[in-house]
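# Structural features, examined
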Amino acid sequence: MAHVDLNADLGEGFGVWRLGDDDAMLDIVTSANVACGFHAGDPAGLLRVCRAAADRGVRIGAQVGYRDLAGFGRRFIDADPAELTAEIIYQIGALSALAAAAGSTVSYVKPHGALYNSIVTHEAQAHAVAQAVHAVNPALPVLGLAGSVFFDAAEQLGLRTVAEAFADRAYQPNGRLVSRREPGAVLHDATAIAERVHTMVVAGTVTAVDGTDIPVTVESVCVHGDSPGALLTATAVRDRLIAAGVRPAPFS
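Bear in mind the structure is a predicted one, so any value in this text is a computation, not a measurement.

Cut-off values and rules
- Residues numbered from 1 in each chain as written.
- Predicted model: local features only at pLDDT ≥ 70, side-chain atom pairs only at ≥ 80, totals over all residues.
- Heavy atoms only, no water.
- Helix = DSSP H or I, 4+ residues; strand = E, 2+ residues; numbered from the N terminus.
- Rg over C-alpha atoms; globule rule 2.2 N^0.38 Å.
- Buried < 20%, exposed > 50% of the residue type's maximum accessible area, 1.4 Å probe, protein only.
- Contact = heavy atoms within 4.5 Å.
- Areas by Shrake-Rupley, 256 points an atom, 1.4 Å probe, with all protein chains shown as cover.
- Lys, Arg positive; Asp, Glu negative; His and termini not counted.
- Charge placed at Lys NZ, Arg CZ, Asp CG, Glu CD.
- Salt bridge = Lys/Arg side-chain N within 4 Å of Asp/Glu carboxyl O.
- Expected span 1.5 Å × (residues − 1).
- Arc of directions from axis to C-beta.
- Phe/Tyr/Trp six-rings, centres within 6.5 Å; stacked < 30°, edge-to-face > 60°.
- Core = buried A, V, L, I, M, F, W, Y, C linked by side-chain atoms within 4.5 Å.

## Side note on the overall build of the protein chain
When you go through the protein chain residue by residue, the secondary structure sums to 8 helices and 10 strands. In summary, the protein chain has a C-alpha radius of gyration of 17 Å against a globular reference of 18 Å for 252 residues, a match within 12%. With respect to the three principal axes, the spread of C-alpha positions in the protein chain is 40 × 40 × 35 Å. Across the 252 residues of the protein chain, 53% fall into the buried class. Residue pairs in contact within the protein chain that sit at least 24 positions apart in sequence constitute 73% of those at least 6 positions apart. Working note: accessible area of the protein chain is about 10,400 Å², and carbon and sulfur atoms make up 54% of it. Positive and negative side-chain charges of the protein chain, numbering 18 and 27 respectively, have mean locations separated by a distance of 3 Å.

## Some points on the pattern of salt bridges
Per the stated rule, a full pass over the model turns up 10 salt bridges. The residue D22 makes a salt bridge to R48 at a minimum N-O spacing of 3.7 Å. Taken together, the positions of D22 in helix α1 (residues 22-26) and R48 in helix α2 (residues 43-56) put the pair 26 residues apart, joining distant regions of the chain. For R48, a relative accessible area of 38% puts it in the partly exposed group. Close ionic contact of R67 with E87 constitutes a salt bridge, the shortest N to O distance being 2.6 Å. Here E87 lies in helix α3 (residues 81-101) and R67 lies in the loop between β3 (59-64) and α3, a separation of 20 residues in the sequence. Taking relative accessible area as the criterion, E87 reaches 12% and is therefore assigned buried. Salt bridges linked by common partners bring D9, K110 and E164 together as one network.

## A short note on helix α8 (residues 230-243)
Taking 1.5 Å of rise per residue, the 14 residues of α8 would be expected to cover 20 Å, and the 20 Å separating its terminal C-alpha atoms lies within 8% of that figure. Along α8, the positions that sit buried rather than exposed are A230, T233, A234, V237 and L241. In a view along the axis of α8, the buried residues occupy a sector of 100°, so they form one face of it. Summarising the geometry of α8, the exposed residues directed more than 90 degrees from the buried face are L232 and A243. Packing partners of the buried residues in α8 comprise β1 (2-10), α1, α7 (190-203) and β10 (246-248). G245 occupies a position one or two residues after α8 and carries a positive phi of about 85°.

## Concerning the packing of aromatic side chains
Taken as a whole, this structure holds 5 aromatic pairs when the rule is applied. Ring geometry for Y116 against F166: centres 5.4 Å apart, planes inclined by 90°, an arrangement best described as edge-to-face. Placement of Y116 in helix α4 (residues 113-118) and of F166 in strand β6 (residues 161-166) is noted, with a sequence separation of 50 residues between them. Summarising the burial analysis for this pair, Y116 and F166 share the class buried.

## Some details on the nonpolar core
Among the nonpolar cores identified, the biggest contains 78 residues, and L95 and V237 are the most heavily contacted of them. Not counting chain neighbours up to four residues away, the residues in contact with V237 comprise L6, A167, I193, A194, V197 and V223.

Set out below in structure tokens:
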């Protein structure tokens with residue numbers, strides 16, 4: 001049976017503010033991208049999510065981002081590369097300690113939000129992030145967009161790259177994500193999203209916003225946990241893949 005990883009961004013609440021249902025999503029996904037406190041998350045909440053993931057055998061990944069709580073990490077920051085490297089190292093280190101306290105470990109790194117999108121083409125920041133991961137642990141895989149300069153930088157350092165696709169995000173014809181500021185950037189029809197993911201995984205294609213079918217490389221599928229109807233969508237995706245003979249499982 002074929003298999004594919006399902007990941008979700010979790011631990012993004014802060015104080016009394018809660019975002020999404022982390023516990024319910026952890027019953028669906030196979031990998032948890034846990035916030036590291038810079039774009040979202042507080043220590044007590046992050047430890048709770050790490051413990052819940054460990055209890056379920058869900059892999060923990062460090063979801064690193066710009067230092068931007070007010071903007072939820074969705075605003076580009078023209079950070080100095082050396083400073084960005086230090087901040088990524090700091091975030092991975094913080095989550096690694098929380099994961100260890102929960103009886104688990106950080107198994108991979110995934111950039112978040114604006115940083116994720118920036119390092120598709122921003123070479124200096126892409127190298128800064130890759131260097132940070134390599135400095136912490138050269139064996140840590142990184143999740144990202146296939147064809148990005150981030151993957152080029154990571155591979156130059158010998159890091160393993162894991163190609164990710166997005167269940168509920170629209171794609172441009174060049175294979176990049178449509179900006180959240182654009183209409184239609186986020187999809188909401190759970191059934192349509194599930195069929196779309198099935199096509200991505202089985203056929204290796206996705207329909208872009210201009211109607212063309214473009215190639216997509218998928219080792220892990222992101223099902224966002226903070227979108228309206230997130231649980232319904234994630235469940236529909238998982239069920240559709242299983243029905244097609246594709247087993248949700250962490251990337252190997």
